[in-house]
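# Notes for the structure review
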Amino acid sequence: MVYYFLKYVVLGPLLRVLFRPRIEGLEHVPASGAAIVAGNHLSFADHFLMPAILKRRITFLAKSEYFTGSGLKGRLTAAFFHSIGQIPVDRTGKEAGQAAIREGLGVLRRGELLGIYPEGTRSHDGRLYKGKVGVAVMALRAGVPIVPCAMIGTFEAQPPGRVLPRIHPVVIRFGKPLDFSRYAGMENEKAILRAVTDELMYAILTLSEQEYVDRYAAEVKAELAAESTARQPRFPRMPLS
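Residues numbered from 1 in each chain as written. Predicted model: local features only at pLDDT ≥ 70, side-chain atom pairs only at ≥ 80, totals over all residues. Heavy atoms only, no water.

### Focus on the packing of helix H5 (residues 134–142) against helix H7 (residues 190–208)
Filter applied, for reference: The axes used here are C-alpha line fits, helices contributing only the stretch in contact, and every angle between their N-to-C directions lies in the interval 0 to 180 degrees. Secondary structure follows DSSP: runs of H or I at least 4 residues long count as helices, runs of E at least 2 residues long count as strands, and numbering of each begins at the N terminus. Should an angle fall under 35 degrees it is called roughly parallel, over 145 degrees roughly antiparallel, and 65 to 115 degrees roughly perpendicular, with every other angle called oblique. Note on definitions: a residue-residue contact is assigned when non-hydrogen atoms from the two residues lie within 4.5 Å. Ten residues, namely Ala, Val, Leu, Ile, Met, Phe, Trp, Tyr, Cys and Pro, are considered nonpolar, four, namely Asp, Glu, Lys and Arg, are considered charged, and the remaining ones, Gly among them, are considered polar.
Axis separation between H5 and H7 bottoms out at 8 Å; the angle between their running directions is 105°. In terms of their interaxial angle, H5 and H7 are classed as roughly perpendicular. In this structure, H5 contributes Val135, Ala136, Val137 and Leu140 to the contact, and H7 contributes Ile192, Leu193, Val196, Thr197 and Leu200. Tallied by class, residues from the contact of H5 with H7 come to eight nonpolar, one polar and no charged.

### Thoughts on the packing of aromatic side chains
Cut-off, in case you're wondering: When two rings of Phe, Tyr or Trp (its six-membered ring) have centres within 6.5 Å they constitute a pair, described as stacked for plane angles under 30 degrees, edge-to-face for angles over 60, and tilted for the intermediate range. Here the term buried applies to any residue with accessible area under 20% of the maximum for its type, exposed to any over 50%, and partly exposed to those in between, with areas from a 1.4 Å probe on protein chains only.
The tally for this structure, following the rule as stated, stands at two aromatic pairs. A centroid spacing of 5.2 Å and a plane angle of 20° characterise the contact between Phe60 and Tyr117, whose relative ring orientation is stacked. On the criterion of sequence distance, the pair formed by Phe60 in strand S3 (residues 58–63) and Tyr117 in the loop between strand S5 (113–116) and strand S6 (128–129) is long-range, its members being 57 residues apart. Taking the relative accessible area as the measure of exposure, Phe60 reaches 1% and is therefore buried.

### Focus: the pairing of strand S7 (residues 146–152)
We apply this condition: By this definition, two strands are paired if DSSP reports at least two bridges between them.
For S7, the buried fraction is high: six of the seven residues fall into the buried class. Strand direction decides the pairing type here: strand S2 (residues 35–39) and S7, joined by four bridges, are parallel. The residue of S7 that forms the bridge with Ile36 is Ile146. With four bridges joining them, S7 and strand S8 (residues 171–174) adopt antiparallel strand pairing. In the sheet register, Cys149 faces S8, and the bridge partner there is Phe174.

What follows is the structure in structure tokens.
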């Protein structure tokens, strides 16, 4: 109930005014039945825009930090994600990936739409990064198609670190569903999972026309953070008098 109130009464109309989204290929999203919608991830605004324009309800696997933030912003964010039925996923520890897969499969078994960002995190520079294979595992185990999606313009509207979005036009482009039924029963084969994921990322790249980086975004972010820390000036300790 809250989901549809936000979608049609509160957020939906507001987002359409702010971003004036142009939707392309919406007919490629199945009208019924389980499917995965997998897209690039450029902005925090992505979480709101795709649910707002889709005719069907979509459930995203969202990082657990969105549900545990402090302060007014943290509480509002947690309340929003809870209210629209998004699923918190802990991205730390050895079991994090398996937990996300279990939660995602639960959504698909109910015949619903599951939203995934295969890069695993937002792009910090607007480029498209290597996809993680969890999306392939879920697609093969559940036997469902993957609809590639490209968000275009959301990075310019609300890049990482910007709290309030700019008024900026956005294009949301859906591609034809990718059928991987030829790999049924092969979800434990690493080479197959990599091939499925790479085919998906190429479809997203074709739709988005981004520059592609054949590395995981999280690794690049960690390296940049380490370099930034190393550049910080270090002051010598003053001797005690």
